[in-house]
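Understanding the architecture of this molecule
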Amino acid sequence: MRHLKIYLILIASMGMLYACSKTEIVKPQTEEIRFVVPSNFPDAVYKFDGNILTNNGFALGKKLFYDARLSADKSISCGSCHQQFAGFANLDHKVSHGVNNCLGKRNAPVLFNLAWQREFFWDGGAKNLEIVPINAITDICEMGSDLNTIVTFLNNTAPYPSLFKDAFGSATINSQNLLKALTQFTAAMVSANSKYDKVMRKETVFNPEEQQGYQLFKDKCANCHTEPLFTNLNYINNGLDLNSVDEGRKTITGLVSDKAKFRVPTLRNIELSSPYMHDGRFNTLEKVLEHYNVGVQANENLDVSLSKDSQLGIPLSNIQKQQIISFLKTLTDDEFIKNKIFSEN
Amino acid sequence: MNTKNISIALFAILTIAFTSCKKDETVNTAEKGTFALEFENQVNGAPLVLNNQNYTNLNGESFNISTFKYYVSNIKLTKTDGSIYAIPESYILMDAAKPSSLLNNLKDIPAGDYAKISFTIGVDKERNLAGAQTGALDPALGMFWTWNSGYIFVKFEGTSPQSTATDKSLTFHIGGIVDPNNTIRTFSSDFSTGNPLRIRADKNPQVHFVVNAGSLFKGKQKISFANLNFTMGGANSVIVADNYVNGLFEFEHIHN
């Protein structure tokens, strides 16, 4: 009973259209949105305390997520750099590409299973899921706006006041409700129905290559990419550079021992979320594994797991690399990627 | 006028008569009252005027101020009998550019005589880590860091000819909750012995504080703008916080 089964249960009540007394057309939300901890997951960190998940709140969050009018030049929405088909990362973009053709500093991360994360961004600088969007909204190279401008825009733009009233009981929009609505949408994104999950739940089995890849993965990768989230949520240096341009975690802690360390990313949906690393330098999984095979640099803060027996990196044969990649592809969750409740339309 | 004066006098007499009817002069603790916290911004004794006024630090360096904002939170009052009342949800933000922000009414305080006040300069750790806040803690108020999330406790901006920064700017954004760079500081002050803060249902006393923006740059460590003109958290912010902990606020008087 500790872990409730299944993740987002959609109780379809199709056909039972929402009674809508408002004059404007609001797309009826016909499925009940629920957040449930998957049976093979630990307890969530974000528990919707003070921000109860509702259909109206979720639908409002989704509308805000996909509304490009929130950016300075009305060209960039959250969804512009967080695309569902890429696991809500930004396909083919090494770093974020924001307003005024400005390029950001780091690769846009995937968005799912955020409710299990304590800290956010590659350096862990954001410490509560609810405040994460402020960064993208205000960053001059992302959406380039500010909270006051957006709150004023929303207060003056139908149907937002009535949508906020439906979601939070008040038509007066402030930054708190804006952020809570966005969080209802992003925190409800749960990806836990990949082939890997089905194997863990004994609903199916790996093929031989995937199985061999899984064994190799547990032996060589799981130290940092720990199941079931496929990240231990720590900050490490994985030897990308001898001297890193980006100071990473040190930007937040000020500690020299954190220089060039970055948050271990999840590997779920990794097949779809290229390019890889904090600066998006690798565009294929083959290149990533080749980095661990022969490319690891002796950075002063290199993680000990990457310099075992005075040898840098993780030696991998071509066959082993192929087997690991086969396993990594079992982390693709097509149901999540194609789930309409998270889609723009 | 006469009628008003008479009615005030009558009211006063009745009040005295009424209170004297009670057991000795104990205050009805079920009563709730309001008081005002008033902050008067100064720079080393001179009134703080934004933008056009020049001030001098202890190194003889001239400076002016364009922004001066600070949080006071978790206000606690200690009664003359030693009991403490923590004012719930007491988060207030003072902004030199908004005179109305310098006078804050605090409501629903249990009646009684209070001899001491204490508060956090800044925002407690819990709220730094909490989700989206509103009111004085609304991140839209420009006192919230998004890249390394948490509140700016004290924000001082200005210029000095001695500053080595671009545009000769001074940027002192003090905040941070993680040791060794934790800048949360608490301040406390006794009120005058003969004149405690008297909270009553029918009164609205004022507690007056002088706030010295110049205290950021002196005290524990004298700051030269040639050496330090920019901090946004970290070790240099700790130097500033250790300076202002004893000099930013000074209890002035109470109007009961």
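So, how was this worked out
- Residues numbered from 1 in each chain as written.
- Chains lettered and ligands numbered in written order.
- Predicted model: local features only at pLDDT ≥ 70, side-chain atom pairs only at ≥ 80, totals over all residues.
- Heavy atoms only, no water.
- Disulfide = S-S within 2.5 Å.
- Helix = DSSP H or I, 4+ residues; strand = E, 2+ residues; numbered from the N terminus.
- Salt bridge = Lys/Arg side-chain N within 4 Å of Asp/Glu carboxyl O.
- Buried < 20%, exposed > 50% of the residue type's maximum accessible area, 1.4 Å probe, protein only.
- UniProt positions renumbered as here; feature names shortened; annotations may be inferred.
- Contact = heavy atoms within 4.5 Å.
- Buried area = accessible area lost by both parts, 1.4 Å probe.
- Pairing = 2+ DSSP bridges.
- Expected span 1.5 Å × (residues − 1).
- Polar contact = N/O pair within 3.5 Å; in protein donor to acceptor, adjacent residues only side chain to side chain.

The name an unreviewed UniProt entry assigns to chain B is Copper-binding protein MbnP-like domain-containing protein, from the organism Pedobacter frigiditerrae.

Residue and element names in this part refer to chain A. Overall, the coordinates contain one disulfide over all chains when judged by the stated rule. A sulfur-sulfur distance of 1.9 Å marks the disulfide that ties Cys102 to Cys141. With Cys102 in the loop between helix H2 (78-81) and helix H3 (132-138) and Cys141 in the loop between H3 and helix H4 (147-155), this residue pair connects regions lying 39 residues apart in the sequence. Left without a disulfide partner, Cys224 is nearest to the cysteine sulfur of Cys221, which lies 9.2 Å away.

Our next topic: the pattern of salt bridges. All names here are of chain A. Enumeration over the complete set of coordinates arrives at 18 salt bridges over all chains. Residues Glu203 and Arg201 are paired through a salt bridge, measuring 2.7 Å at the closest nitrogen-oxygen approach. Asp241 is the salt-bridge partner of Arg281, the closest N and O atoms lying 2.6 Å from each other. Residue Arg281 is found in the loop between strand S4 (262-263) and helix H10 (285-295), and its partner Asp241 is found in the loop between strand S3 (235-236) and helix H9 (250-253); the two are separated by 40 residues along the sequence. Judged by its relative accessible area of 27%, Arg281 falls in the partly exposed class. Through salt bridges with shared partners, one network takes in Arg106, Asp123 and Asp246.

Another point: the UniProt feature "domain: Copper-binding protein MbnP-like" (unreviewed entry) in chain B. Per the UniProt annotation, the sites labelled "domain: Copper-binding protein MbnP-like" (unreviewed entry) are residues 33-229 of chain B. Taken end to end, residues 33-229 of chain B comprises 3% helix and 48% strand; its first and last C-alpha atoms sit 44 Å apart.

Right, let's get into the interface of chain B and chain A. Each partner contributes to the interface: chain B provides 14 residues, whereas chain A provides 19 residues. Summing the contributions of chain B and of chain A, the shared interface buries around 1500 Å²; its carbon and sulfur component is 53%. Of all residues in chain B, B:Ala132, B:Thr146 and B:Trp147 give up the largest surface area on contact with chain A, accounting jointly for 35% of the area buried on that side. The interface formed by chain B and chain A includes zero salt bridges.

Residue and element names in this part refer to chain B. In terms of burial, strand S14 (residues 206-212) is largely enclosed, as six of its seven residues are buried. Bridging between strand S1 (residues 32-43) and S14 involves seven bridges; their strand directions are parallel. Residue pairing for S14: Glu40 is matched across the bridge by Val210. Judged from the six bridges that link them, S14 and strand S16 (residues 249-255) form a sheet pairing that is antiparallel. Of the residues in S16, the one forming a bridge with Gln206 is His255.

Turning our attention to helix H8 (residues 208-220) of chain A. For an α-helix, 3.6 residues make a turn, and residues three or four places apart therefore share a direction. Residue and element names in this part refer to chain A. Counted at 1.5 Å a residue, the expected span for H8 with its 13 residues is 18 Å, and the 18 Å between its end C-alpha atoms agrees. On the buried face of H8, the contacting elements are helix H7 (195-200) and helix H11 (318-329). Where H8 starts, the residue carrying a side-chain oxygen 3.0 Å from the main-chain nitrogen of Glu209 turns out to be Asn207.

With respect to the helices and strands, B:Asn227 occurs in the loop between S14 and strand S15 (230-232). A residue is classified by how much of its surface remains accessible, and B:Asn227, at 69% relative accessible area, is exposed.

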